[in-house]
Every structure is written in structure tokens, then in C-alpha cells.
Amino acid sequence: MRQRFGLVLMLWLGVGAGVAPQAIHGRGGITLPAPPPAEVTPVLDNYFDTRIPDSYRWLEDAKSEQTRAFIDAENAYTTHYMEQARIRPQVIDGLESLEQVSSWSLPIQRAGNYYFEKRLGGEGQASIYIRRGWTAKDERLIDPAVLSRDPNSSVELLDVSRDGTLIAFGARQGGADESTVRVFNVKTRKIMQDELPSGLYWSMNFRPDGTGLFYSRDNPQGTLIYEHVFGTRTARDTLLFGREFYDEPLGPNDLSTANVSEDGRYLVVTTEHGVPARRVDIVFRDLTKPGSTFQVLVWGLDSRFAAIYAKGAWYVKTDYKAPMGRVLQADPGVLPDAWRTIVHETAEAIDNFSIVGGKAYVVRLKDVKSEISAYTLDGKPAGTVDVEGIGSASHVEGRPTDRYGFFSFESFIQPPTIYRIDTVTGKREEFAVPKGPFDSSQYEFKQVFYKSKDGTQIPLFIARKKGLKQDGTERLLMTGYGGFKISNTPEWNPEYAWWMEQGGWFALPNLRGGGEYGEHWHEQGMFEKKQNVFDDWFAAADYLIANKYTSPQHFAITGRSNGGLLMGAAMTQHPELFSAILCGYPLLDMLRYQKFEQGSHWMTEYGSADDKKQFFYLLKYSPYHNVKAGTAYPAIMFFTGDSDTRVDPLHARKMTALLQAASSSGRPILLHYSVAGGHSAGVSVEQKIQDDADQLTFLWTETGKPAPARQLPRVGLSAPGSSAP
């Protein structure tokens with residue numbers, strides 16, 4: 001029976017067959033020839049007596065001449081589309097004004113000074129600054145333009161020594177996750193010779209005396225924690241933790257970070273098992289006692305924990321027997337059941353927790369809207385922090401002994417503003433306020449609730465320019481994520497702001513799989529329940545169409561990474577609901593994702609096709625394996641690049657080739673493949689504007705009124721050396 005299912009699956013996917021080459025008709029008068037040809041070379045895999053074909057396995061090799069020729073041809077094809085898009089210059093002008101605005105990171109306080117990242121309007125990258133006191137002027141310390149002539153080189157503030165004289169910073173290229181680590185001396189204004197080589201670093205902390213660094217770095221055996229002493233070779237760095245602890249070995253999917261407690265006494269190691277973590281262990285070592293071993297704070301429980309050592313005691317945020325979260329005062333050597341509760345679980349999920357000025361600051365989500373409450377360290381309510389209506393608040397940044405803390409607040413219609421709060425008086429002051437052309441008073445957003453397929457109530461944010469019609473004739477852009485316990489709160493994004501400025505609706509549903517309502521909400525979108533996420537998404541689309549916010553021909557959707565998987569499910573399960581899809585840095589081949597880049601870390605969220613039970617539910621929704629030849633797919637742009645070292649770009653390459661061969665709609669299927677950008681932030685503002693302009697040009701054009709199609713002769717756009725059949 002299973003063998004027969006495999007044969008049926010091969011016929012169903014149309015392996016070796018496709019739609020006859022035809023002219024492609026984008027909206028807005030855009031016409032294209034047939035897509036560049038891609039060779040069909042089926043490879044058969046056998047999963048538990050089920051044979052699965054892969055027609056484009058050769059596209060997994062990013063370095064082969066054949067793959068590079070495919071990328072060149074697809075980029076030329078996409079460029080041909082953009083050259084015809086009349087709105088693109090207008091998009092660039094709009095994004096220039098929205099993106100070329102000054103921005104700041106939350107500051108780190110040391111020795112009376114403030115250290116932060118800042119990018120001035122008109123600059124391509126952020127620099128690292130110091131402000132020597134509250135009323136002093138900002139001084140630029142580290143400028144990426146001085147370090148490298150590459151505009152896509154960026155710097156990131158990692159840590160500042162306790163006396164404020166040394167800054168550890170990361171330097172990276174494009175959107176890669178890997179970086180090199182350097183140290184800057186504030187007094188001499190020079191970069192020290194010490195350099196940690198390019199790698200994936202999970203944490204970086206100065207030693208209490210400022211003579212070296214504790215850091216965690218990824219390697220094939222798992223995350224290892226080292227100590228580097230300044231003036232010594234990195235090859236001689238001391239391994240402190242990682243290969244095994246007691247009798248339990250740690251593997252490549254066990255990710256450890258190391259942090260030094262605020263008083264400098266303890267090195268605290270937190271190990272997350274998988275991404276997201278199914279279990280978190282915490283151990284600590286007394287740095288005041290040379291040769292001391294690690295002691296256990298919590299170990300071996302299938303729950304998540306985050307610890308802060310303050311005022312001589314341990315405080316832990318956890319979902320242990322509290323899926324919405326609570327804060328406990330921990331006692332090493334005793335199970336959490338005996339720990340004292342400081343902040344009790346409520347109906348609102350705890351999103352963030354910090355201790356600043358001797359108070360615990362807890363950020364909760366009340367129906368996905370941020371609220372900040374303060375507590376004494378013995379659990380008594382100590383007031384709330386005012387925020388500007390509905391939006392997203394960050395954690396309160398600071399140390400247990402700092403009088404002042406910092407937090408940011410933003411929404412779909414309000415760029416992020418950074419505030420300083422006095423933990424003694426509760427007074428709030430502005431630290432950094434972006435000044436741009438977006439007039440928030442002209443826009444509004446609301447929250448509604450709708451029912452998913454199984455009756456679950458799902459929250460949905462809807463934003464617009466005031467006065468926009470609700471008759472089904474306007475464009476609408478919807479985005480989503482639904483995974484890894486990541487909460488999608490109302491955040492500022494210049495792309496969404498541009499869309500609303502032009503007169504389009506914007507929508508964000510809070511799908512299961514996120515953390516908006518605690519761990520139970522997350523669990524409802526994991527493993528075999530992943531289809532709940534997709535059903536929540538389709539129900540949101542149905543709600544918006546039924547209530548005349550838009551119609552299928554004007555409906556655009558976008559998502560990246562795990563949200564790119566969501567886009568893949570949207571195009572393969574309900575292509576009739578949408579007109580244009582932007583699928584960024586996506587996971588699409590869910591039978592092989594765990595074999596590439598950081599994919600193995602995510603088996604705690606999705607599962608693995610190497611497991612018999614998990615294989616069958618992954619196959620059922622895996623977008624790459626559910627493309628049907630002859631289906632009228634909407635207009636689609638895949639967006640990825642060589643610098644994505646998190647989700648392998650092979651997913652987008654293979655899916656582009658497969659859909660171009662399968663679609664019968666005559667609408668464009670494009671691949672936008674960057675040789676400079678990647679999964680993480682880091683490209684220059686100018687590069688980001690160009691990339692965002694391509695995405696918005698595509699989405700806006702392909703949600704306009706369809707124009708009568710006209711035939712265009714086939715022309716060859718394949719790059720030299722490509723393997724046409």
C-alpha cells in the first residue's frame with residue numbers, strides 16, 4: 001500500500017512533466033517570456049517504503065556552475081520584470097524618506113556613560129557611540145565605514161567592560177549570522193590586536209576585571225564556552241563548558257550561552273536544547289574561587305528557565321507548571337516546586353523580565369498588547385510603566401544596581417521611541433525620538449477576533465490610513481509567522497508604512513505557534529499540529545475578504561523564514577485566495593531542511609522526516625512536495641541570497657524551478673537572489689531600500705487591476721552555460 005502511495009505521489013506531482021512554456025503576464029502591463037528553463041533530473045528517495053521524487057536536487061549545490069547559471073538567469077528574468085514596473089521609482093522615493101531616518105539601540109550603562117548603536121539619517125550603517133552623561137553630546141567611537149569599504153559591512157555592540165573602558169563588538173558582512181569579534185579601547189580610541197575569528201557567537205561577556213572575554217561559539221560538536229585572555233592567541237583559549245556536563249553529553253543542538261552576574265561573582269551558563277528550546281538547563285560557577293566547578297541551578301526539566309542573580313539571590317522566569325509564565329526566587333540544589341513565587345502566573349503571558357534598580361520589571365501581553373508592571377523583589381506590586389496606547393514594549397534594559405532603565409515602544413503607525421525610566425520616582429524621559437515624514441495622526445489600527453477552522457478565537461490587527469474605503473476594492477497586505485514561540489506584536493516597519501501611505505490596508509493575525517498566549521498557544525502550532533497555523537492564516541484571509549477589506553485579486557501576503565514556510569503553505573493549499581506572494585528566506589522542502597545550515601536546530605519545532613511518524617505529517621504539508629502541475633498559482637516572488645547561513649537558499653532555488661514548470665496561470669514566478677544579503681540584518685540602508693523596493697513593487701503591481709493579456713514572443717534569457725533541456 002505504501003509503495004502504491006509513493007507511485008501515486010509521483011504522478012500527482014507531475015514528475016518529469018510540466019506546463020508548456022508560455023508568455024507570462026504580470027499586471028500593470030508587464031509582459032515576460034517563458035521562465036528560464038531548468039533541467040529536470042529526478043532523484044528518488046525512499047522514506048519508510050514511500051518513494052519521493054525530487055526533480056531539482058541538483059539545485060542544492062550552490063557552488064556548481066549549473067546552479068550559478070540558474071541563479072544568473074533567474075536574476076536577469078526578475079530584472080526584466082522590474083524594468084517594466086512603472087511604480088518602482090515612486091516606491092524608492094517613498095522608502096528613501098521612511099528608511100533614511102535616524103535610529104538607536106537601547107543603551108548599555110557603564111560608569112556613568114551610555115553606549116549604544118546609532119545610525120543617522122542618510123547613513124548606510126549604524127555606528128557605536130558613547131554619551132558621557134545624560135545631557136552630553138553623542139560621540140561616535142566605531143564607524144563601520146572606517147573598518148571596511150564594503151557598504152554591507154556592519155558592526156554590533158556586544159558588551160562593555162564594567163569600568164566602561166573597553167567595548168566588544170561584532171563585525172560582519174551582509175546578512176550572514178557569522179561575525180568576527182574585536183575589542184575597542186575607549187581611552188586610546190584604538191582597536192586592540194585581539195580578534196576572535198569569524199564564527200557564530202551566541203554570547204560575549206567581559207571578565208569582571210576586564211582582562212579578557214567569556215564567549216560561546218558554535219561548532220560541529222555543539223556550543224562551546226571559552227575564556228579568552230587579552231594578549232594571548234585564540235588557539236589557546238580555555239574551554240570552560242560544552243562538550244559534556246557530568247555524565248550527560250551535549251550535542252550540536254544544545255545551544256549554550258555564558259553571562260557574568262552583575263556583581264561579577266558568577267559565570268552563568270544557560271543551555272537551550274533545540275530551537276525553540278524544549279528544555280533549558282542553568283549552571284553557574286563562582287569566579288571568586290579559582291578552580292571551582294559548575295553548580296546546578298536547574299537541570300533536566302522539560303520547561304524553559306531564564307535566571308538573573310541580583311542582591312545576593314537568584315530570580316528565574318519560567319513556564320514550569322505555568323504556561324503563561326511566572327517569576328520565582330530560586331534556591332540552588334532544590335527543585336523548582338519548592339522555590340518561592342515572586343510574580344504569579346496570570347491570564348496574560350509574560351513576554352519579558354528584567355531586574356533594574358532593585359525592582360523586577362515584567363512585560364506581559366494582554367491580547368498581544370504590551371503592558372509593563374513593576375514589583376519589589378519580594379513580590380509586592382510597585383506600579384506600572386506608562387506606554388503610548390496599543391503597541392510593543394521592549395524589556396527594561398539595565399542592571400540590578402542601576403537607578404535608570406531604558407525601554408522602547410513602537411507600533412504599526414509609530415516608529416520606535418526609546419525612553420529612560422527612573423526606578424525610584426517612576427519618571428519617564430525620552431532618550432531618542434526618530435523624526436521622519438510619517439504622520440501617525442493620519443493613520444489608525446484596531447484589533448478584531450475571528451474563528452479559525454476548529455473554532456479557536458484568533459486575534460487580528462488591521463491598520464489603515466484614515467478614510468480608506470472598505471468595499472473590497474482596495475489592496476491589502478497581510479503578514480504572519482506562527483512558530484518558535486515568537487510573539488508578533490505591533491511593530492514599526494517602513495515597508496508596511498509605505499503600503500498604508502499609498503492607500504492599502506495592512507493586517508497581522510496572531511497565529512498559533514507563537515507565544516502570544518503562552519506555551520499552550522505555541523504547542524498548538526508545533527509538530528503534527530502545524531496545520532493549525534495554516535488554518536488560522538486561511539481563516540484570517542476569509543475574514544478579511546468576507547468583511548470587504550479586500551478581495552482575492554487585490555490580496556498580497558508576505559512572510560520570511562518560518563513565515564516563508566507559511567507562504568509556501570498558502571500558495572500550495574489555497575492559491576485561489578491570494579494574488580501576490582512574497583516568500584522570503586523560506587523553508588520549503590520539509591523532508592530535507594534538517595540537513596542544511598542551522599536546520600537541525602529546529603527539529604524541536606517541526607520534527608524530522610527521519611522519524612516515521614513525523615515523516616508522514618511533514619509530507620502532508622511540505623510546500624515543495626505539494627506543488628501540483630497545471631495549477632493556476634498566484635504571482636510569486638522568492639527572496640533569498642548567498643549570505644543566508646541560517647535557512648539554506650536551496651529551498652527558494654528548488655521551489656522557483658518547480659513552480660515555474662508547474663503553474664498554469666501565466667502569472668510571474670520570480671526569484672530575487674542577492675549575492676550581498678542574507679537572513680539577518682546587516683546590509684546597507686541603500687541596499688535595503690533597493691531590495692524592499694523590488695518586493696513592494698512586485699506586491700503592489702500584482703494586486704492591481706488585471707489587464708488584458710497580450711502575447712510576447714519567447715526570448716532566451718538563460719545565462720551562458722545553463723543546462724536547457
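Placed above this text is the structure.
Nothing here was measured: the structure is a model prediction, and the numbers come from that model.

(A) Examining the overall build of the protein more closely. Assigned secondary structure in the protein consists of 12 helices and 43 strands. A globule of 725 residues ought to have a C-alpha radius of gyration of about 27 Å, and the protein, at 26 Å, matches this closely. With respect to the three principal axes, the spread of C-alpha positions in the protein is 75 × 60 × 55 Å. Per-residue burial for the protein yields a buried fraction of 59% across its 725 residues. Long-range contacts, defined here as pairs at least 24 residues apart, represent 59% of the contacts in the protein between residues at least 6 apart. Roughly 28,500 Å² of accessible area belongs to the protein as shown, and the carbon and sulfur atoms make up 50% of that amount. Taking the 78 positively charged and 86 negatively charged side chains of the protein as two groups, their mean positions are separated by 2 Å.

(B) Spatial organisation of the sheet that holds strand β39 (residues 505–509). Strand order in the open sheet formed by 8 strands is β36-β37-β39-β38-β40-β41-β42-β43, and the pairing between neighbours is mixed. Where the open sheet ends on each side, the last strands, each with one partner, are β36 (443–451) and β43 (669–674). Averaged over all pairs of adjacent strands, the angle between their axes in this sheet comes to 20°, without regard to strand direction. Sheet analysis places strand β40 (residues 555–560) next to strand β41 (residues 580–584), joined by 5 bridges and oriented parallel. Among the inter-strand pairings, R560 is bridged to a residue of β41, identified as G584.

(C) Inspection of helix α8 (residues 562–573) at higher detail. In this model α8 runs 16 Å from its N-terminal to its C-terminal C-alpha over 12 residues, within 8% of the 16 Å that 1.5 Å per residue would give. Buried residues dominate α8, accounting for 11 of its 12 residues. Those residues of α8 lying buried are N562, G563, G564, L565, L566, M567, G568, A569, A570, M571 and T572.

(D) Geometry of the sheet that holds strand β32 (residues 392–393). Pairing in this open sheet of 4 strands is antiparallel, and the strands run β32-β33-β34-β35 from one edge to the other. The sheet terminates laterally at β32 and β35 (428–432), the two strands that pair on one side only. In terms of strand pairing, β32 meets strand β33 (residues 404–411) through 2 bridges, oriented antiparallel. Along β33, the bridge assignment pairs S392 with E410.

(E) Representation of the environment of Y404 in the model. Position of Y404 among the secondary structure elements: in strand β33. In this structure, the C-alpha to C-alpha distance between Y404 and R428, residues 24 residues apart in sequence, is 9.7 Å. Those residues in contact with Y404 that lie beyond four places of it in its chain are Q109, V356, E397, R420, I421 and D422.

(F) Region of the structure containing the packing of helix α7 (residues 530–546) against α8. Two numbers describe how α7 lies on α8: the axes approach to 10 Å, and their chain directions differ by 70°. On the basis of their axis angle, the class for α7 and α8 is roughly perpendicular. When the axes of α7 and α8 are compared, the crossing they make is right-handed. In contact with K530, Q531, V533, F534, W537 and F538 of α7, α8 contributes N562, L565, L566, M567, A569, A570 and Q573. Looking at side-chain class alone, the contact of α7 with α8 contains 9 nonpolar, 3 polar and 1 charged residues.

(G) Region of the structure containing the packing of helix α5 (residues 494–501) against helix α12 (residues 685–701). Two numbers describe how α5 lies on α12: the axes approach to 11 Å, and their chain directions differ by 40°. Between α5 and α12, the crossing angle belongs to the class labelled oblique. Pair α5 / α12 crosses with right-handed handedness. Residues E495, W498 and W499 of α5 form the contact with α12, whose own contacting residues are K688, D692, Q695, L696, L699 and W700. Taken together, the residues that form the contact of α5 with α12 break down as 5 nonpolar, 1 polar and 3 charged.

(H) Spotlight on the pattern of salt bridges. Inspection of the entire model under this criterion finds 36 salt bridges. Between E60 and R592 there is a salt bridge, with its nearest N and O atoms 2.8 Å apart. In this pair, E60 is assigned in the loop between β4 (50–54) and α2 (65–84) and R592 in the loop between β41 and α9 (603–606), connecting sequence segments 532 residues apart. Owing to a relative accessible area of 13%, E60 belongs among the buried residues under this scheme. Its relative accessible area of 13% is what places R592 among the buried residues. Measuring nitrogen to oxygen at the nearest pair gives 3.2 Å for the salt bridge that ties R207 to E227. Here E227 lies in strand β16 (residues 222–229) and R207 lies in the loop between β14 (201–206) and β15 (212–219), a separation of 20 residues in the sequence. The pair formed by R207 and E227 is uniform in burial state, with each residue classed as buried. One continuous salt-bridge network, built from bridges that share partners, spans D45, D54, R57, E60, D589, R592 and K654.

(I) Local environment of unusual backbone geometry. The omega torsion of the bond from V275 to P276 falls at 0°, within 30 degrees of zero and hence cis. Looking at where P276 falls in the secondary structure, it is placed in the loop between β21 (266–273) and β22 (279–286). Unlike most non-glycine residues, F48 shows phi in positive territory, near 55°. Relative to the helices and strands, F48 resides in the loop between β3 (43–47) and β4. In the Ramachandran plot, K485 falls in the positive-phi region, its phi being about 60° despite a non-glycine side chain. Turning to its location among the elements, K485 is positioned in the loop between β38 (476–479) and α5. The class of K485 is partly exposed, set by a relative accessible area of 29%.

About the criteria used
- Residues numbered from 1 in each chain as written.
- Predicted model: local features only at pLDDT ≥ 70, side-chain atom pairs only at ≥ 80, totals over all residues.
- Heavy atoms only, no water.
- Helix = DSSP H or I, 4+ residues; strand = E, 2+ residues; numbered from the N terminus.
- Rg over C-alpha atoms; globule rule 2.2 N^0.38 Å.
- Buried < 20%, exposed > 50% of the residue type's maximum accessible area, 1.4 Å probe, protein only.
- Contact = heavy atoms within 4.5 Å.
- Areas by Shrake-Rupley, 256 points an atom, 1.4 Å probe, with all protein chains shown as cover.
- Lys, Arg positive; Asp, Glu negative; His and termini not counted.
- Charge placed at Lys NZ, Arg CZ, Asp CG, Glu CD.
- Pairing = 2+ DSSP bridges.
- Axes fitted to C-alpha atoms, helices over the stretch in contact; angles between N-to-C directions.
- Expected span 1.5 Å × (residues − 1).
- Parallel < 35°, antiparallel > 145°, perpendicular 65-115°, else oblique.
- Left-handed = near helix turned anticlockwise from the far one by under 90°.
- Nonpolar A, V, L, I, M, F, W, Y, C, P; charged D, E, K, R; others polar.
- Salt bridge = Lys/Arg side-chain N within 4 Å of Asp/Glu carboxyl O.

Honestly, that's just the spatial picture; any functional story needs more than this.
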